[in-house]
Amino acid sequence: MPETYLESEIATQPDDWRRAAEVARKYADLLPEPGERVAVIGCGTSLYMARAYASLRESTGQGLTDAWPASEARLARGYDRVIAITRSGTTTEVLEALRAYDGDARTTVISSSPGTPVLELADPILIDDVDERSVVQTRFATTTLAILRWHLGEDLAPVIAQAERALAADPAPGALRNAEQFTFVGMGLGAAVAEECALKMRESCQAWTEAYPATEYRHGPISISAPGRVVWALGPLVPNFARDVAATGAHLEHDDVDPMVDLVRLQRLCVVRAADAGLDPDNPRNLTRSIILEP
């Protein structure tokens, strides 16, 4: 079977994350300083990366950080900095949010698409070396998050090593290949990445997936777990979580890796399951590279 764009783009991520350190240094003045009040906006995958960054920035004490769907952004709240994330640079909601903003916060956009309208609306960080031909986002999203994590002061070298090991492993081990349903859970960074994992499976292989904070799993979502289904936990487990999943008969998937690495593992699983289902993961049903809404 010929390699899909999705498969080839997934494979570059460890190197992309390494280069992200230099991008973070080069554009440090376009990214938030400690103590600034920050809003991050995006749609779909970009929103989940915004939520991941917001959780990390606040958890490290670097300042209030809100992540907004671009269509719901409330930017008139005294922010010092606004960051927009958009691969295509043409997403209607992002463009409208930036055009409507009349505050005095410094605005930055991270995109991989040169010559697009969004680059004229904010200070640009253009990472076109991680642009993608697949409609399904992988390396642009994770590289954006890697840039932001390096800027927060994280050393991603151990995470990159984990990702390289994940790329060398079986992409569809055990119960994962044929499971009927997946529930992704995590806390903080893990919760945001769990949402992205669920979205990836819906897009690429039309799978039944859900995502929740791990502590919310027992407040209803546990009812969907059963034999032949998977609960995939990203990051550290909350107390007694494994016990409670075991009682449902579902398979608990959990590895001691960074949530971004779990996302790489999941992306590779998507390629396999899409092939099994006879689907084209580069061109998901009802989706295009950019959502451009009619006026």
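Residues numbered from 1 in each chain as written. Predicted model: local features only at pLDDT ≥ 70, side-chain atom pairs only at ≥ 80, totals over all residues. Heavy atoms only, no water.

The name an unreviewed UniProt entry gives the protein chain is Glutamine--fructose-6-phosphate aminotransferase [isomerizing], with Solicola gregarius as the organism. What UniProt records for the protein chain under Catalytic activity (unreviewed entry) is the sentence "D-fructose 6-phosphate + L-glutamine = D-glucosamine 6-phosphate + L-glutamate". (UniProt positions renumbered as here; feature names shortened; annotations may be inferred.)

As recorded in UniProt, the sites labelled "domain: SIS" (unreviewed entry) are residues 27-162. Secondary structure over residues 27-162 splits into 32% helix and 18% strand, and the C-alpha atoms at its two ends are 26 Å apart. (Helix = DSSP H or I, 4+ residues; strand = E, 2+ residues; numbered from the N terminus.)

So, about the packing of aromatic side chains. The tally for this structure, following the rule as stated, stands at 3 aromatic pairs. Ring centres 5.9 Å apart and planes at 15° place the aromatic pair Phe 182 and Phe 184 in the stacked group. For the pair Phe 182 and Phe 184, one class covers both residues: buried. These aromatic residues form a ring-pair network of at least three members: Phe 182, Phe 184 and Trp 232. (Phe/Tyr/Trp six-rings, centres within 6.5 Å; stacked < 30°, edge-to-face > 60°. Buried < 20%, exposed > 50% of the residue type's maximum accessible area, 1.4 Å probe, protein only.)

What the 5 strands build is an open sheet, ordered β2-β1-β3-β4-β5; its pairing is parallel. Either end of the sheet is taken by a strand with one partner, and the two such strands are β2 (65-69) and β5 (123-126). Adjacent strand axes in the sheet meet at a mean angle of 20° when their direction is disregarded. Bridge count between strand β3 (residues 81-85) and strand β4 (residues 106-111): 5 bridges; the pairing is parallel. Residue pairing for β4: Ile 83 is matched across the bridge by Thr 108. Lying over the sheet, helix α3 (residues 45-59) contacts β1 (38-42), β2 and β3, oriented at roughly 170° with respect to β2. (Pairing = 2+ DSSP bridges. Axes fitted to C-alpha atoms, helices over the stretch in contact; angles between N-to-C directions. Contact = heavy atoms within 4.5 Å.)

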